[in-house]
Amino acid sequence: MPPADAPPRRVVLLGMMASGKSAVGAALAERLGWAHVDLDREIERADGRTVAQIFAAEGEPAFRAMEAEATHRVAARTEVVLSPGGGWITRAELLDALGPGTFSVWLRVGVDEAVRRASAAPGERPLLAGPDPAGAVRRLLAKREPLYARAQLHLTTDGRSVHALADDIHSALRARGLAPVAGASLKTDHGG
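Just so it is clear, the model here is predicted, and its values are computed rather than measured. (Residues numbered from 1 in each chain as written. Predicted model: local features only at pLDDT ≥ 70, side-chain atom pairs only at ≥ 80, totals over all residues. Heavy atoms only, no water.)

K.L.:
Sorry if this is basic, but what is going on with the nonpolar core here?
P.N.:
Soluble globular proteins tend to bury their nonpolar side chains together. If you look at the biggest cluster of nonpolar residues, it comprises 35 residues, and the most contacted ones within it are M16, L82 and W88. Take this core: its biggest share by element is six residues, from helix α4 (residues 60-75). Setting aside anything within four residues of it in sequence, one finds M16 in contact with K21, G86, L107, V109, V137, L140, L141, R144 and Y148. Among the nonpolar cores identified, the runner-up in size contains 20 residues, and A27, A29, V81 and I169 belong to it. (Core = buried A, V, L, I, M, F, W, Y, C linked by side-chain atoms within 4.5 Å. Buried < 20%, exposed > 50% of the residue type's maximum accessible area, 1.4 Å probe, protein only. Helix = DSSP H or I, 4+ residues; strand = E, 2+ residues; numbered from the N terminus. Contact = heavy atoms within 4.5 Å.)

Set out below in structure tokens:
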């Protein structure tokens, strides 16, 4: 785990699918004037298929290998907010690979809220494709929660706006010595 006292040079958002990592990551990056990398979108661009198509054709292990490769490309960069998929943390070494200066945030979402949000985009969440999505979320959360808990900051997302969450993270970063950025604008990054 990267040391908690290193100056923040990158942020990684952890949490279940539909916890808001992509939206909060984009809002935080805009506030900081940093790049935002949505790891799932990065993988889709590089591979030419959606995450669901990769899961269907090659399975979860192949996707996790692609995720690891994409993470290592991002790890050398600074001033970046990384929004990986919910299962990214199952390879705990990836958090360590980001190195010193990485500030980790767990965006906690309740089971019912995760299912409600995920159902807004049917077919995009391969791990929820079965007849009991709430049960699937509970099972995944039981396995992943101890890994998510490694994050330096834990925020509950249910009932909170994207901007309020980005504000909370920004405040935590400033408390750790990050200088405020005047006139920051959105820099969304799609390259590795």
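There's plenty left to go through after this.
K.L.:
I'm lost on the pattern of salt bridges in this one. Help?
P.N.:
Side chains that carry opposite charge are capable of pairing whenever their charged atoms lie near each other. As enumerated under the stated definition, the model contains 13 salt bridges in all. The closest approach of N and O atoms between D38 and R41, which form a salt bridge, is 3.9 Å. The class for D38 is buried, based on a relative accessible area of 11%. On the basis of relative accessible area, R41 is assigned to the partly exposed category, the value being 34%. (Salt bridge = Lys/Arg side-chain N within 4 Å of Asp/Glu carboxyl O.)

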